[in-house]
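Chain by chain, the residues run as shown.
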Amino acid sequence: MIIITDQPLVPNTLTNAVRDDTDGAVITFEGVTRNHNDGRGVEYLEYEAYRPMADEKLQELIDEIKDRWEIDKVAVAHRTGRVDIGELSLVIAVSAAHRRPAFEATLHFIDRLKEVVPIWKKEYFEGGEVWIGDPGSEQATA
Amino acid sequence: MIIITDQPLVPNTLTNAVRDDTDGAVITFEGVTRNHNDGRGVEYLEYEAYRPMADEKLQELIDEIKDRWEIDKVAVAHRTGRVDIGELSLVIAVSAAHRRPAFEATLHFIDRLKEVVPIWKKEYFEGGEVWIGDPGSEQATA
Amino acid sequence: MKIAIKLFAGLRDRAGTGDLSVELDDGATVADAIDEAQRIGPRQWTAPTSLMAAVNNEYVEFSGVLSDGDELALIPPVSGG
Amino acid sequence: MKIAIKLFAGLRDRAGTGDLSVELDDGATVADAIDEAQRIGPRQWTAPTSLMAAVNNEYVEFSGVLSDGDELALIPPVSGG
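Draft legend 1. Inspection of the interface of chain B and chain C at higher detail. With 27 residues of chain B at the interface, the matching set in chain C holds 22 residues. Contact with chain C buries surface across chain B, with B:Y50, B:M53 and B:W120 losing the most and accounting together for 32% of the total. Across the chain B-chain C interface, the total number found is four salt bridges. For C:R14, the salt bridge is made with B:D134, and the minimal N-O distance between the two is 2.7 Å. Along the contact surface separating chain B from chain C lie 17 residue pairs in polar contact (both at pLDDT 80 or more). Elements with a contribution of two residues or more to the side of chain B that touches chain C: β4 (40-49), α2 (53-68), β7 (88-96), α3 (99-116) and β8 (119-125) of chain B. A per-class count over the side of chain B that touches chain C returns 13 nonpolar, five polar and nine charged.

Take a look at the structure:
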């Protein structure tokens, strides 16, 4: 299950999608807009995705962690558009017979997502805005 | 939040308990009764806890991971009594500003729980029953 | 002195009871209490080598000295999660 | 040949557009397309050193040769999650 949507994410949808009677471990990870970053207050974030490449890359990452770890099912959702403080930008659910591969695979998935999936985050902080990872894009609020 | 109960666990209760606007990462781990173990079919599990020592040890583990990692809040629930296939025996929710300490702390918590918290699991498999970790306790179904 | 002993999981099954009460001389250790519990238990049982002990909810060494009124828990390998 | 170029995030902001179309000679590379895009963009912009490129949804080297009708995406540092 791969979801890219501008609607609020519902973690239970993903967690339930990966459950299986063969699995003893289910991890659900939520990436959340927090109210601070780099020592300054954050007002909200805005995400942009290049589709369908983002969907394809997410599928490749699912295949990658399934190849590398003994895990069962993976579901991932990423939100686009404005994401307010406390709202979810990312949800990943992973099931496995045993917990350790589930943890390692989930963490690896997120690390890789931040390297290769064409999704961008713009931070609206107090007094300005900046595309994360692209400091030259910073500008004061108009 | 520490819950030891013979009632079904509700993960959202724990996940919501650890959310905070300062946190960018929330992990929810579920331990689930799976339908196989050691190459044989499992019918159900039964958990027994020594209380209040189990509660105290869970609190010590929460303190331990909060000391050691940059995490925010921790909530844990363990079920006792009969836990059928697909039902949850354990739920842990951990929040943190950043994901990596949340992952490491959650995994460590579970590892330690299985070492020091006085909770025992009896497996009812096809044709017999055994206290896990105590092979001498195995006996055929009466 | 009087020590309450609690037995769990496979250990309780073997001993045939989850609760024992033993009378011990002052200065008796956890190991002494375990010996006495094995002597009086409704069934014959042997403490496994992996046994742990807790007094008043804290893990203790077998050489630890008991006090009157202590609750001694005999803890076979735990397996929660 | 005709190449459709898509620009994202900070790059789109700098260039003043998310979509460009460039005309290139046969055998032109990704690097050639980027040069041409910088030349014709509504605003002057410079490709950051960390820029990545994708053709038809796959990452490619800047030395990769383009084909007529390709969609070339110019991808500044990603930051999802």
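Draft legend 2. Local environment of the relation of the copies chain B and chain A. Note on the copies: chain B fits chain A at an RMSD of 0.0 Å, the axial shift is 0.0 Å, and the rotation between them is 180°. Within this description, the copies of the chain are treated as partners about a two-fold rotation axis. Minimal C-alpha separation from the rotation axis in chain B is found for B:T28, amounting to 2.6 Å. Counting the interface residues of chain B, we find that 100% of their copies in chain A are interface residues as well, pointing to one common contact surface.

Draft legend 3. The pairing of strand β2 (residues 25-32) of chain B, seen in detail. Where burial is concerned, most of β2(B) is hidden: eight out of the eight residues are buried. Of the two faces of β2(B), both are covered, the one formed by B:A25, B:I27, B:F29 and B:G31 as well as the one formed by B:V26, B:T28, B:E30 and B:V32.

Procedures and definitions
Residue numbers here run from 1 along each chain, matching the order of that chain's written sequence. Chain letters start at A and ligand numbers start at 1, both assigned in the order the entries are written. Per-residue local features are limited, in this predicted model, to residues with pLDDT of at least 70; the limit for side-chain atom pairs, both in listing and counting, is 80 or more; totals at the level of whole chains, interfaces and linings are taken over all residues. With hydrogens and water excluded, all non-hydrogen atoms of the structure serve as input to the side-chain values. Contacts between residues were defined by any pair of non-hydrogen atoms, one from each residue, lying within 4.5 Å. In this description, buried area is defined as the sum, over both parts, of the accessible area (probe of 1.4 Å) that is lost when the two are combined. Any carboxyl oxygen of Asp or Glu within 4 Å of a side-chain nitrogen of Lys or Arg constitutes a salt bridge here. Polar contacts, as used here, are pairs of N or O atoms within 3.5 Å; protein pairs need one atom able to donate a hydrogen and one able to accept it. Residues neighboring in sequence count only if both atoms are side-chain atoms. Think of it this way: any DSSP run of H or I at least four residues long counts as a helix, any run of E at least two long counts as a strand, and we number them from the N terminus. For this scheme, ten residues count as nonpolar: Ala, Val, Leu, Ile, Met, Phe, Trp, Tyr, Cys and Pro. Four count as charged, namely Asp, Glu, Lys and Arg, and the remainder, Gly too, count as polar. Least squares is the method used to superpose the copies, on C-alpha atoms of residues holding a pLDDT of at least 70 in both. Each residue gets one of three labels from its accessible area relative to the maximum for its type: buried under 20%, exposed over 50%, partly exposed in between, using a 1.4 Å probe on protein chains only.

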